[in-house]
Amino acid sequence: MAFAKSKAVLDHIVIGCRDLDEGAEWFYAKTGIRMSAGGRHPGRGTRNILASLSDNSYLEIIAPDPGEPETGFVKRLKQLEDPMPVTW
């Protein structure tokens with residue numbers, strides 16, 4: 001059986017945290033880079049900020065959105081003591 005030739009591409013890494021402002025300060029303390037505003041995810045309970053890694057990839061920090069419903073994912077984010085990778 002032959003496999004199709006494909007090029008796997010990692011387009012972004014998601015760092016979860018319990019508070020978006022805390023996540024922004026954590027990233028700045030580690031890198032000296034201020035992240036850009038991302039957006040809100042209505043119905044999902046989260047919001048984010050972004051940093052470009054290259055033309056085709058970026059880092060996303062995601063945290064609970066205080067004005068949105070608390071989903072299971074949001075509950076897990078609120079339990080994080082420190083920012084950490086949650087998906088890619």
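Whatever comes next refers back to the structure up there.
Residues numbered from 1 in each chain as written. Predicted model: local features only at pLDDT ≥ 70, side-chain atom pairs only at ≥ 80, totals over all residues. Heavy atoms only, no water.

## Some thoughts on the overall build of the chain
Okay, so step 1: Helix and strand content of the chain: two helices and five strands.
Okay, so step 2: Helices and strands in the chain line up, N terminus first, as β-α-β-β-β-α-β.
Okay, so step 3: Expressed as lengths along the three principal axes of its C-alpha atoms, the size of the chain is roughly 50 × 30 × 20 Å.
Okay, so step 4: Taken over 88 residues, the chain has a buried fraction of 32%.
Okay, so step 5: For the chain, the computed accessible surface area is about 6,300 Å², with 53% contributed by carbon and sulfur atoms.
Okay, so step 6: Taken together, the 11 basic and 12 acidic charged side chains of the chain have centroids lying 5 Å from each other. (Helix = DSSP H or I, 4+ residues; strand = E, 2+ residues; numbered from the N terminus. Buried < 20%, exposed > 50% of the residue type's maximum accessible area, 1.4 Å probe, protein only. Areas by Shrake-Rupley, 256 points an atom, 1.4 Å probe, with all protein chains shown as cover. Lys, Arg positive; Asp, Glu negative; His and termini not counted. Charge placed at Lys NZ, Arg CZ, Asp CG, Glu CD.)

## Comments concerning helix α1 (residues 20–31)
Okay, so step 1: The end-to-end C-alpha distance of α1, which contains 12 residues, comes to 16 Å, matching closely the 16 Å that a straight helix rising 1.5 Å per residue would cover.
Okay, so step 2: All of the buried residues along α1 are Leu20, Gly23 and Phe27. With its buried residues spanning 55° around the axis, α1 presents them on a single face. In this structure, α1 carries Asp21 and Ala29 as exposed residues pointing more than 90 degrees from its buried face. (Expected span 1.5 Å × (residues − 1). Arc of directions from axis to C-beta.)

## Quick word on the nonpolar core
Nonpolar side chains in soluble globular proteins tend to be buried together.
Okay, so step 1: Judged by nonpolar contacts, Ile15, Cys17, Leu20, Phe27, Met35, Ile49, Ala51, Leu59, Ile61 and Ala63 together constitute the single largest core of 10 residues.
Okay, so step 2: Among the secondary structure elements, those contributing two or more residues to this core are α1, β3 (46–54) and β4 (57–64).
Okay, so step 3: Each residue touching Cys17, except ones within four places of it in the same chain, is listed here: Gly23, Ile61, Ile62, Ala63, Pro64, Leu77, Leu80 and Pro83. (Core = buried A, V, L, I, M, F, W, Y, C linked by side-chain atoms within 4.5 Å. Contact = heavy atoms within 4.5 Å.)

## Digging into a nonpolar patch on the surface
Okay, so step 1: A surface patch of nonpolar side chains, amounting to about 220 Å² of accessible area, comprises Phe73, Met84 and Val86.
Okay, so step 2: Accessibility expressed as a relative area gives 30% for Phe73, which makes it partly exposed. (Patch = residues over 30% accessible without salt bridge, like charges linked within 9 Å, V, L, I, M, F, W, Y side chains within 5 Å. Salt bridge = Lys/Arg side-chain N within 4 Å of Asp/Glu carboxyl O.)

## So, the packing of aromatic side chains
Okay, so step 1: Tallied over the entire structure, the rule returns zero aromatic pairs.
Okay, so step 2: When the ring centre of Tyr28 is taken as reference, the NZ or CZ atom of Arg34 above it lies at 3.6 Å. (Phe/Tyr/Trp six-rings, centres within 6.5 Å; stacked < 30°, edge-to-face > 60°. Lys NZ or Arg CZ within 6 Å of the ring centre and 35° of its normal.)

The quantities given are spatial measurements derived from coordinates; they are silent on function.
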